[in-house]
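# Descriptive structure summary
Below, each chain spelled out in residue letters.
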Amino acid sequence: MQATEKIIDDKIQGKALVTENKAGNTKKLFIESYGCQMNMNDSEIVASILDKEGYNTTQILEEADLVLVNTCSIREKAETSVRKRLQKYNAVKKVNPKMKVGVLGCMAERLKEKFLEEEKIVDLVVGPDAYKDLPNLLSEVSEGRNAVNVILSKDETYGDISPVRLNTNGVTAFVSITRGCDNMCTFCVVPFTRGRERSRDPKSILEEIGSMVAQNFKEITLLGQNVDSFLWFGGGLKKDFKKATEMAQATAVGFAELLDMCATKFPKTRFRFSTSNPQDMSLDVIHVMAKHRNICKYLHLPVQSGSNAMLKAMNRQHTREEYMTLVDNIFEIIPEMSLSQDMIVGFCGETEEDHQDTLDLMKYVKYDFGFMFTYSERPGTLAGNKMDDDVPHEIKKRRLQEIIDLQQEHALYRTQQHLGKIEEFLIEGTSKKNPNEWKGRNTQNTVAVFPKGDYKLGEFVMLKVEDCTSATLKGSVIGYSDNN
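First, a word on what this report is: a plain description of the structure on this page. (Residues numbered from 1 in each chain as written. Predicted model: local features only at pLDDT ≥ 70, side-chain atom pairs only at ≥ 80, totals over all residues. Heavy atoms only, no water.)

Our focus in this paragraph is the sheet that holds strand β16 (residues 338-345). Judged by pairing direction, the sheet is parallel, and its three strands sit side by side in the order β15-β16-β17 without closing on themselves. The open sheet terminates on both sides in strands that have one partner only, identified here as β15 (298-300) and β17 (369-374). Looking at each pair of strands side by side, their axes are set apart by 10° on average, direction ignored. Pairing between β15 and β16: three bridges, direction parallel. From the neighbouring strand, Y298 faces β16, where its bridge partner is S338. Each of β16 and β17 is contacted by helix α16 (residues 393-416), which is oriented at about 175° to β17, the strand it contacts most. (Pairing = 2+ DSSP bridges. Helix = DSSP H or I, 4+ residues; strand = E, 2+ residues; numbered from the N terminus. Axes fitted to C-alpha atoms, helices over the stretch in contact; angles between N-to-C directions. Contact = heavy atoms within 4.5 Å.)

Helix packing geometry: the angle between the two helix axes and the distance between the axes. Packing of helix α10 (residues 255-265) against helix α11 (residues 283-291) leaves a shortest axis separation of 8 Å and a crossing angle of 15°. Taken together, the axes of α10 and α11 lie roughly parallel to each other. As for how α10 packs across α11, the hand of that crossing is right-handed. Counted together, F255, A256, L259 and D260 of α10 and D284, V285, V288, M289 and K291 of α11 form the full contact between these two elements. For the contact of α10 with α11, a count of residues per class yields six nonpolar, no polar and three charged. (Parallel < 35°, antiparallel > 145°, perpendicular 65-115°, else oblique. Left-handed = near helix turned anticlockwise from the far one by under 90°. Nonpolar A, V, L, I, M, F, W, Y, C, P; charged D, E, K, R; others polar.)

Spatially, the three strands line up as an open sheet ordered β8-β11-β14, and their pairing is parallel. With one partner strand each, in any of the chains shown, β8 (172-176) and β14 (270-274) form the two edges of the open sheet. Pairwise comparison of adjacent strand axes, ignoring direction, gives a mean angle of 25° for this sheet. Sheet topology note: the strand β11 (residues 219-223)/β14 ladder contains five bridges and is parallel. Along β14, the bridge assignment pairs L223 with S274.

Our focus in this paragraph is α10. When we look at burial in α10, the residues that qualify are F255, A256, L258, L259, C262 and A263. Taken down its axis, α10 places every buried residue within 165° of arc, on the same side. Looking at the buried side of α10, the elements it contacts are α8 (202-214), β11, β13 (253-254), β14 and α11. (Buried < 20%, exposed > 50% of the residue type's maximum accessible area, 1.4 Å probe, protein only. Arc of directions from axis to C-beta.)

Considered for burial, the residues of α11 that qualify are V285, I286, V288 and M289. Projection of α11 onto a plane perpendicular to its axis shows the buried side chains occupying an angular sector of 160°, all on one side. Elements in contact with the buried residues of α11: α10, β14, β15 and α13 (320-333). The N-terminus of α11 is capped by S282, whose side-chain oxygen sits 3.0 Å from the backbone nitrogen of D284. (Polar contact = N/O pair within 3.5 Å; in protein donor to acceptor, adjacent residues only side chain to side chain.)

Glancing now at the pattern of salt bridges. Within the structure shown, the criterion is met by 30 salt bridges. D129 is the partner of R198 in a salt bridge, and the nearest nitrogen-oxygen pair spans 2.6 Å. Linking R198 in strand β10 (residues 198-199) with D129 in the loop between β6 (124-126) and α6 (134-142), this pair joins segments that are 69 residues apart in sequence. Salt-bridge contacts for K203 lead to E207; the nearest nitrogen and oxygen are separated by 2.7 Å. With K203 and E207 both in helix α8 and four residues apart, the pair spans about one turn of that helix. Overall, the relative accessible area of 46% leaves E207 in the partly exposed class. Residues joined by salt bridges that share partners form a network here, namely D42, D129, R179, R194 and R198. (Salt bridge = Lys/Arg side-chain N within 4 Å of Asp/Glu carboxyl O.)

Let us look at the nonpolar core. With 52 residues, the main nonpolar core has L222, F255 and M289 as its most contacted residues. Examining the composition of this core, we find that six residues originate from one element, α10, more than from any other. In contact with L222, not counting residues within four places along its chain, are V175, I177, I209, V227, F255, L259, C262, R272, F273 and S274. Core analysis: the next-biggest nonpolar cluster, separate from the first, contains 24 residues, I49, L137, A147 and V164 among them. (Core = buried A, V, L, I, M, F, W, Y, C linked by side-chain atoms within 4.5 Å.)

All right, on to the packing of helix α14 (residues 352-365) against α16 then. At their nearest, the axes of α14 and α16 sit 10 Å apart, and the two run at 10° to each other. When the interaxial angle is binned, α14 and α16 end up roughly parallel. Along the contact surface, α14 presents E352, H355, T358, L359, M362, K363 and V365, while α16 presents R398, R399, E402, I403, L406, Q407, H410 and R414.

We now examine the environment of Q317. Relative to the assigned elements, Q317 resides in the loop between α12 (308-313) and α13. Remark: the alpha-carbon pair of Q317 and K98, spanning 219 residues in sequence, is separated by 50 Å. Not counting residues within four places of it along the chain, the set of residues in contact with Q317 comprises Q279 and E322. Reaching out from Q317, the side chain makes a polar contact with the side chain of N315 at a distance of 2.5 Å.

What follows is about the pairing of strand β22 (residues 472-480). Bridge count for strand β20 (residues 447-451) against β22 is three bridges, and the pairing is parallel. Within the sheet, the bridge partner assigned to V449 lies in β22 and is K474. Where strand β21 (residues 460-468) meets β22, seven bridges bridge the pair, whose relative direction is antiparallel. In the strand pairing of β22, K464 is matched with S476. Two successive antiparallel strands, β21 and β22, enclose a turn made up of three residues.

Across all of its chains, the model carries seven aromatic pairs by this definition. Considering the side-chain rings of Y131 and Y158, the 5.7 Å spacing of their centres and the 25° angle between planes classify their relative orientation as stacked. Remark: Y158 occurs in the loop between β7 (147-149) and β8 and Y131 occurs in the loop between β6 and α6; sequence separation between them is 27 residues. Using a relative accessible area of 0% as the deciding quantity, one classes Y131 as buried. For Y158, a relative accessible area of 1% corresponds to the buried category. (Phe/Tyr/Trp six-rings, centres within 6.5 Å; stacked < 30°, edge-to-face > 60°.)

Have a look at this one:
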């Protein structure tokens, strides 16, 4: 249970981000991110914008001239964590009254002026599509005025911003390819806090990846609320594609084509992507994954529930049968594929039969990893406005534990499939538990720890897997991979 719970916590915990100091910059920026990888990537965009305004990042809160918290609204726990951090900032600001504090991201868009009214500590509130306006907003603050910009954009993708890589291990990096979401799941705030779907120009994506490769990054993760919805036809919202010219439609680039471009142009770079939505997942993407060795054989494929009644209530646009058929097709094309899930426990009206349907689906798929949560009502969503959060907390808690226990069983089953095999791993850093061991991941996203020997960070090695837990493989290196 502990390993799975840690995975859950990692999705929402705050991370103070820092990069190397730039000569000539005299101001200090402390930026902390909560939530998904998209938020972490957004913080890198913000750091790049503020770098040009004379800010270097710092991990020391007390010395900061500007403190920014990049927020998440996906769960109540994330919002609660942010409010507690604001209290900490308030205590520091009493000692350093010149320090300015800003709230960025999804909470900023959702709560807007409430932050200025309720949290007197906050000087500026900036939504996910307004980061380029930060210099103007900071000017407003310097003149003694509170500043707010939470306007959602139809075309902002930050494709022209080269992110400053924060807290990087120098091996893996994230590249955002889409923003927003059109799916309108009834439990989710993302369409309201990040706006409608739009995609980045493939040229700018390839240029950013090229920059990362030149800096010796070995693995790139393509990010989006829904990467499978990537569709470039010259710019604008995806929903307007049908209004585009015949030429624009004929020359449009979808996600399968983009993925193929990336893997072909950078054959020595590993690629991952997240997050996928089942109703938008094309088997063309799976065939591209099968075609290229350097596209990792791992999919995060959120299902949220195994019950058709719950899927309909959640407006998930797929049935359990359609999801199971998709999984069957994926494994037929790539038998070694690793799958992970998101699961919401105790959604509005969930019965014991619905819960059993979820357990049954999990037994069918046997996911490698899982991110599991009890449902928490999010204000502004359709479920929050029109559905009763009627499953008692104790029942939610019991069902969640049953799902966690089953996922742990399946995770162990999946790691055991690697025993005795020789597999390629990318060295990503030092093991948290043993400074004499490296940690790395294979193509299926499974972590292994192994003696360091003479091997170095960022190298691809061949590992013989000799032991495992439900979360980690253990083994010994037998040599270098031919991918170095």
